[in-house]
Amino acid sequence: MQPAQGRSTDRTLVVKRNLSSSSSGRRWFFGSIVLVSFGIAAGWALNGAWVVLPFAGIEMMVLGAALVVFERHVGDREAITIDGDRVVVERIRLGRTARHEFSRYWAQVVVTPGSGRNHGGLAMRSHGRQVEIGEFLTDDQRVAVAEELRRRLGT
Amino acid sequence: MEAVHGHGHEHDHAHYPGGIMRWVTTTNHKDIGTLYLWFSFAMFITGGLLAMGIRLELLQPGMQYWRPEFFNQLTTMHGLIMVFGAIMPAFVGFANWQVPMMIGAPDMAFARMNNFSFWLLPPAALLLVVSFFVPGGATGAGWTLYAPLSVQQGMGMDMAIFAVHIMGASSIMGSINIITTILNMRAPGMTLMKMPLFVWTWLITAYLLIAVMPVLAGAVTMLLTDRHFDTHFFNAAGGGDPVLYQHVFWFFGHPEVYIMILPAFGIVSQVLPAFARKPLFGYSSMVYATASIAILSFIVWAHHMFTVGMPAAGQLFFMYATMLIAVPTGVKVFNWIATMWKGSMTFETPMLFSVGFLFVFTMGGFTGLILAITPVDIQLQDTYYVVAHFHYVLVAGSLFAIFSGIYFWLPKWTGHMYDETLGKIHFWLSIIFFNVTFFVMHFLGLAGMPRRIPDYAEQFADFNMIASIGAFGFGLSQLLFLYVVVKCIKGGEKAPAKPWEGADSLEWTLPSPAPYHSFETPPIVK
């Protein structure tokens, strides 16, 4: 976890992916492989083996699609803000934000432990409503986040 | 604002199925790595049995057991199965198991695609194996599937073409996954130049695979359309050019050789420092040498075709370009030796296989250098000298590195130590029988024995008998390997988190066996 910033009464916990490359890095990589792949295919096409070209196209489409899918999820995150007597959980998926508000005094943090090959879960619950959080986290991280949330909620 | 960085892998909380469905539906990188490795072993045994069939026929001169057509099928399918079914999937299996653990990621970037890319392989393997039983039998055109022979064969050829297509698609998806994982999911602090060399070699291999797989797909598709749709890409009678096929095939085929050896370099680069108890000598130069080999692999393909006919300038270019590869390869060999120099070396089985690799692979490299010389190659083209050369590179190179890697990481994978005595016996049997089998082939080739023939002149009889006895011994030795692995899976001394004193990459920070979901706490690399 990184050092906290902001006032202690108005703090947000953000859960997001760890990324070791930048968008521009990924674009640079894709551009280079497109150049190499189509360069090779064009060379063969000019020498009569044009059938290589559509296969290069299909392959680059699959690679491009995979990178687009990856890129679309780069901004996915969950922000949990405790502000006075309110707890706001924002789930951002594919750029869309779903906002869930709970009463700080009624909100419960529920951890389902993982067992064997099954992952556990982490959710915030109150008055029959439940929001799953921590999808990006491993089981140990979920437990740590749950403890941190409970500490901040004062439960 | 406080940020918690997850690993970028969304988990569903549904319970995973057990039994056989666990393996069919799994998206876990360790499960998929295990599937790849067992598939590869099954193909290794299948391809090995075909090799036994080849050596049985060649044990003595004269036609003993097989028809010449069936002998051709044996050599062809042995090559196809070993290259596409055994060696390549084995390295993908290593990548699946090791890359996420070595970079501190919980899994591969596209877990479902990972499952799909594995499950494409069994149907492809089935196509290859079943083709023996269709009218006309399997293709006997050689693993290179040269036109015009491959344009004329029966439906076994079509099955081989489809199998190659499917395996190619699997490789492409595997490569996309590996590249995306390595580029995006490294632990905080792990810059590219801090990655373990195995990860580097796989990053470069995956790039190579993506670059050349469309070329193979195009080549075999043109064969298919020549066979069934009246095109004439390779049919001289229709204005086509059979030599074009050779150019296209080897433009794929030579990088393919490096696709099969670069991950082996990566494994050896992990094992040698661990048992020499010294850091890898010249890490940066190893990375640049790997990249140089990959780049050079695109400009040497026609050294496979010196006898086909090409202008003297072309012969010179491809001869010198091929010789140039000895420079980065030499950098690697000297770096490995320098790594061991004055190290506190111990010789457990992984180290034995890596040192064995270094010794015999270098011999294969030297014969490659000899074959790069155009006038020499013209004499030795399609002789047993070439068979000896590429088996020194692919068996003593790729396969010995695979054995080394399996013994190295088996404690991490299973949680048990393997039987060291049996492992060492496996090594000594393998290296002795390997040399008994293939060293004599150099002499056969120098004496002029052509490859891919079921019968031969009396003068070649003695060396062929030695090679066949060596091959049977080598084949039987691999049953010992199976026994050691199964014994280790079933039990044995409990393995510590880091069973090898000098090992230092991230996977050794995990307990043994590695937990199903690794890196519950993301590591920080300093």
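Residues numbered from 1 in each chain as written. Chains lettered and ligands numbered in written order. Predicted model: local features only at pLDDT ≥ 70, side-chain atom pairs only at ≥ 80, totals over all residues.

Along its length, chain B carries 18 helices and one strand. At 23 Å, chain B has a C-alpha radius of gyration in line with the 24 Å of a compact globule built from 526 residues. Across its three principal directions, the C-alpha atoms of chain B cover 75 × 50 × 45 Å. Of the contacts made within chain B by residues no fewer than 6 positions apart, 83% connect residues no fewer than 24 positions apart. (Helix = DSSP H or I, 4+ residues; strand = E, 2+ residues; numbered from the N terminus. Rg over C-alpha atoms; globule rule 2.2 N^0.38 Å. Contact = placed C-beta atoms within 7 Å.)

All names here are of chain A. Taken in spatial order, the three strands make up an open sheet running 5-6-7, and their pairing is antiparallel. Two strands close off the open sheet at either side, each with one partner strand: strand 5 (108-112) and strand 7 (129-133). The sheet shows a mean angle of 30 degrees between the axes of neighbouring strands, direction not considered. Across five bridges, the pairing between strand 6 (residues 121-126) and strand 7 is antiparallel. (Pairing = 2+ DSSP bridges. Axes fitted to C-alpha atoms, helices over the stretch in contact; angles between N-to-C directions.)

Another point: the nonpolar core. If you look at the biggest cluster of nonpolar residues, it comprises 186 residues, and the most contacted ones within it are Ile103(B), Leu128(B), Val199(B), Val215(B) and Ala219(B). With near-sequence residues (within four places) excluded, Ile103(B) lies in contact with Ile182(B), Met185(B), Arg186(B), Ala187(B), Met190(B), Met195(B) and Val199(B). Judged by nonpolar contacts, the second largest core, of 18 residues, contains Val15(A), Ala107(A), Val109(A) and Leu137(A). (Core = buried A, V, L, I, M, F, W, Y, C linked by C-beta atoms within 7 Å. Buried ≥ 20, exposed ≤ 12 C-beta atoms within 10 Å, placed from the backbone.)

Residues and elements named next belong to chain B. With 95% of its residues at a pLDDT of 70 or more, chain B has an overall mean of 94. Within the model, the stretch residues 8-14 combines pLDDT values under 50 with 15 contacts to residues more than four positions away or in other chains. In the predicted complex, the global pTM is 0.92; the interface-specific ipTM is 0.90. (pLDDT = per-residue confidence, 0-100.)

What follows covers helix 13 (residues 326-340) of chain B. All names here are of chain B. Taking 1.5 Å per residue as the helical rise, helix 13 with its 15 residues ought to reach 21 Å, and the 21 Å between its terminal C-alpha atoms agrees with that figure. Looking only at helix 13, the buried set comprises Pro328, Thr329, Lys332, Asn335, Trp336 and Thr339. Summarising the axial view, the buried residues of helix 13 lie within an arc of 120 degrees, below the 170-degree limit, and thus occupy one face. On its buried face, helix 13 sits against helix 10 (262-276), helix 11 (283-296) and helix 14 (349-372). (Expected span 1.5 Å × (residues − 1). Arc of directions from axis to C-beta.)

Attention now moves to the packing of helix 10 of chain B against helix 16 (residues 384-414) of chain B. All names here are of chain B. Contact geometry for helix 10 and helix 16: axes closest at 9 Å, N-to-C directions at 45 degrees. The pairing of helix 10 with helix 16 is recorded here as oblique in orientation. The element helix 10 and its partner helix 16 pack so that their crossing is left-handed. Across from Ala264, Ile267, Val268, Gln270 and Val271 in helix 10, the residues of helix 16 making contact are Gly397, Ser398, Ala401, Ser404, Gly405 and Phe408. Class assignment for the residues of the contact of helix 10 with helix 16 results in six nonpolar, five polar and no charged. (Parallel < 35°, antiparallel > 145°, perpendicular 65-115°, else oblique. Left-handed = near helix turned anticlockwise from the far one by under 90°. Nonpolar A, V, L, I, M, F, W, Y, C, P; charged D, E, K, R; others polar.)

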